[in-house]
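One-letter residues, chain by chain:
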Amino acid sequence: MNEDIRIHSWPCSYYLDTTKQWVPGKLSLTPLSIKFAADKTGELLVDSRLSGISEIKKESSHLIFSSLTVLEKGAKHWFSSLHPNRNVVFNILEHFWREQLLSGREGAAGAALEPSKGRELAGMLEGSRRRLEDTAEVLHSQGEQFDNILRGLHKIEGDMDVADRLLTELESPSWWPFSTKLWKTPLEWKPKETPAAPAPKSQEEILLRIPVIITQGPDSGAKPGQLTLLPSGLEIRDCNSQLLHRFESRDVDDIRVHTPYEISVRQRFIGKPDNSYRLLAARMPEAIPVLEMRFSGKIQFLEDALGFAAAGRSPAADLGTSVWQAATGFLGAAASPGSPAEGPDKEQVQLQKISQDEANELRQILRKLKGLALETEAELERQDEALDSIGSSVDRATLRVERQNRRMRRLT
C-alpha cells in the first residue's frame, strides 16, 4: 500500500549505459524504493528497492561532475544535474535508506509480496497499539503536570496561613499577650517550604525522538537532524545534537501535515518574518499521532495527506471502528471456519480466512489494547478528580486573597 506514495521527486539526468547518453527525467522516492522515469517516453528506467541498495554516494570524475551514485547488486546508477542541488537529494535519500535498513520493514515486505489478511490486520492493530501507548504517555505527563499544580496550590495555601497569622498580629493591639508567639511562627514556617523546587524535571520526559531532514526557509538546504517531542513543546537539533530551536507549546501557531512523512512547524510574528521549519522523516508517521494529541487545535492536514488517508495508504491513517469490526469478523471466521457468512459480501468474507496462529496473535494484541484502554480510562478519571481539586483550591485561594487584601487595606 505504501508503494504508491511519492515522498519526493527531483528533476535530474540519468546515465543510460546501453546508449552511453544522459536521459533527462525525474528521480522519485517512495517508502520502499527509488525510481527514475524518462521525461520523453515516461519509461521507468530505474526501480531499485531500498533493501537492495548497498551504497549511496556523492561522486565525480573527469567526465561526470557533481553526481550521485546508487549501488545495488553489482549495478551502479549515475544521476546528475540534480535540482535543487546534489546535497539535498543525497541527504533525503540516505536518510530513508538508512531508516529502512534499521527498521527492517522491507524484509517483511520482501518475504511475502502478498501478505495474508491476518498479517495485514495484525499490522494495523499493532499501529493502533503504538498510537494508544503514545496517547497514554501523553496523558501520564499531563497527569504529572496536574500533580505539580496541586503541589503549588498546597504551597500557596500554606503561605496564606502564614499571611493570616501576620495580619492577625498586625491587627492586634500592642498589649496583646500572645504577640511574640505569633511573630515566631513565620520564621519556623519558611525553611520548611523552600525545598520544593526540583519538580519540573519530570515535565521534560522525552515522548519521542526521531531523526529528520530539516529545511528552514526556501534558500536553506535539507540537513539531517533530530526532532524531540516533549510534554512542554518540541525541540529541533542538528546532526551534532546542538539545539537549533525550541518551540514551547504556546509558541506553536500551526503544524501542517503535507504528507505522512513531511510536516512544517511555524511560529508567527508581527513585524518580522515567521519562524518556520519543514521536517521530513521516515518515522514521521510515529510522531504525527503524538503531535495530534499535543497540538489538536493547531494541526492541519493538507490535501495530499488527506488523500493518502482516504485511500488507505497512509501508515498513520486513523484506525477507527471499521478496523475493530474487521477484527471481529476475522476472529469469528478463524474460530468457526465452517459457519456460513451473512450479508452481501459473503464470497469476499470467505476468501479472507486467517490461520490459527494469526488469530492467536490478533487476540493477544486486542488484549493489550483492552488493557491500555482500561489504564487510560483510569488515568482520565484520576485527572478529572485532580481537576476538581484544582478548581476548588483555586476558588479557596481567590477568596482568601480577596479577604486578605481587604484586611491590608484597612491597616493602611
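Per an unreviewed UniProt entry, the recorded name for the protein is Synaptosomal-associated protein 47, and the organism is Helopsaltes ochotensis. The heading Sequence similarities (unreviewed entry) in the UniProt record of the protein holds the text "Belongs to the SVAP1 family."

Draft legend 1. Here's a closer look at the overall build of the protein. A count of helical and extended segments in the protein gives nine helices and 15 strands. In the protein, which comprises 412 residues, the proportion classed as buried is 38%. In the protein, 56% of the contacts between residues at least 6 apart in sequence involve partners at least 24 apart. A total of about 23,900 Å² of accessible surface is found on the protein, and carbon and sulfur atoms cover 54% of it.

Draft legend 2. View of the nonpolar core. Counting residues in hydrophobic clusters, the biggest one holds 29 residues, and the most contacted among them are L27, F79, I92 and L93. The set of elements that each furnish at least two residues to this core consists of strand 1 (8-16), strand 2 (21-29), strand 3 (33-38), strand 5 (53-59), strand 6 (67-72) and helix 1 (86-103). A domain split of this core shows at least three residues from each of domain 1 (8-103) and domain 2 (208-307). For I92, the contacting residues outside a window of four places in its chain are H8, W10, L29, I213, A222 and L280.

Draft legend 3. Expanded view of the UniProt feature "domain: T-SNARE coiled-coil homology" (unreviewed entry) in the protein. When the UniProt feature table is mapped onto this chain numbering, "domain: T-SNARE coiled-coil homology" (unreviewed entry) sits at residues 134-170 and 349-411. Helix makes up 100% of residues 134-170 and strand 0%, with an end-to-end C-alpha separation of 54 Å.

Draft legend 4. View of the pattern of salt bridges. Evaluation of the coordinates by the stated rule reveals 20 salt bridges. Among the ionic pairs, R396 bridges to E157, the shortest N-O distance being 2.9 Å. Placement of the pair is R396 in helix 9 (residues 356-411) and E157 in helix 3 (residues 117-171), with a sequence separation of 239 residues. The class for R396 is partly exposed, based on a relative accessible area of 41%. R400 serves as the salt-bridge partner of D164, at 2.6 Å between the closest nitrogen and oxygen.

Draft legend 5. Layout of the sheet that holds strand 2. Pairing within the open sheet is antiparallel, and its seven strands lie in the order 4-3-2-1-7-6-5. Edge positions in the sheet fall to strand 4 (44-49) and strand 5, since each of these pairs with one other strand and no more. Direction aside, the axes of adjacent strands within the sheet are offset by 30 degrees on average. In terms of strand pairing, strand 2 meets strand 3 through five bridges, oriented antiparallel. By the bridge assignment for strand 3, G25 is matched with A38.

Draft legend 6. Looking closely at the side chain of S28. Inspection of the secondary structure puts S28 in strand 2. Beyond its immediate chain neighbours, meaning those up to four positions away, S28 contacts R6, H8, S9, S33, I34 and K35.

Draft legend 7. Spatial organisation of the sheet that holds strand 13 (residues 262-267). Spatially, the eight strands line up as an open sheet ordered 11-10-9-8-14-13-12-15, and their pairing is mixed. Sheet topology places strand 11 (243-248) and strand 15 (299-301) at the edges, where each strand pairs with a single neighbour. Across the sheet, the mean angle from the axis of one strand to that of its neighbour is 30 degrees, orientation sign disregarded. Packed on one face of the sheet, helix 5 (residues 284-294) meets strand 8 (208-215), strand 9 (223-230), strand 10 (233-238), strand 12 (254-259), strand 13, strand 14 (275-280) and strand 15 and runs near 105 degrees to strand 8.

Draft legend 8. Here's a closer look at the packing of aromatic side chains. Applying the stated criterion to the full structure yields six aromatic pairs. Ring centres 5.3 Å apart and planes at 40 degrees place the aromatic pair Y14 and F36 in the tilted group. Here the residue Y14 occupies a position in strand 1, and F36 occupies one in strand 3, the gap between them amounting to 22 residues. Here the two residues Y14 and F36 agree in accessibility, since each one is buried. Taking 6.0 Å as the distance between ring centres and 90 degrees as the angle between the ring planes, the aromatic pair formed by F247 and Y277 counts as edge-to-face.

Draft legend 9. Structural context of a positive patch on the surface. A cluster of basic residues, R403, R406, R409 and R410, forms a positive patch at the surface. The residue R403 is located in helix 9 in this model.

Draft legend 10. The arrangement of the pairing of strand 3 in detail. Here strand 2 folds back onto strand 3 in antiparallel fashion, the turn holding three residues. Inspection of the sheet shows strand 3 paired to strand 4 by five bridges, in the antiparallel sense. Along strand 4, the bridge assignment pairs F36 with V46. Between strand 3 and strand 4, which follow one another and run antiparallel, lie five residues, and G42 among them has a positive phi close to 75 degrees.

The rules behind each value
Residues numbered from 1 in each chain as written. Predicted model: local features only at pLDDT ≥ 70, side-chain atom pairs only at ≥ 80, totals over all residues. Heavy atoms only, no water. UniProt positions renumbered as here; feature names shortened; annotations may be inferred. Helix = DSSP H or I, 4+ residues; strand = E, 2+ residues; numbered from the N terminus. Buried < 20%, exposed > 50% of the residue type's maximum accessible area, 1.4 Å probe, protein only. Contact = heavy atoms within 4.5 Å. Areas by Shrake-Rupley, 256 points an atom, 1.4 Å probe, with all protein chains shown as cover. Core = buried A, V, L, I, M, F, W, Y, C linked by side-chain atoms within 4.5 Å. Domains from an automatic or database assignment. Salt bridge = Lys/Arg side-chain N within 4 Å of Asp/Glu carboxyl O. Pairing = 2+ DSSP bridges. Axes fitted to C-alpha atoms, helices over the stretch in contact; angles between N-to-C directions. Phe/Tyr/Trp six-rings, centres within 6.5 Å; stacked < 30°, edge-to-face > 60°. Patch = residues over 30% accessible without salt bridge, like charges linked within 9 Å, V, L, I, M, F, W, Y side chains within 5 Å. Lys, Arg positive; Asp, Glu negative; His and termini not counted. Charge placed at Lys NZ, Arg CZ, Asp CG, Glu CD.

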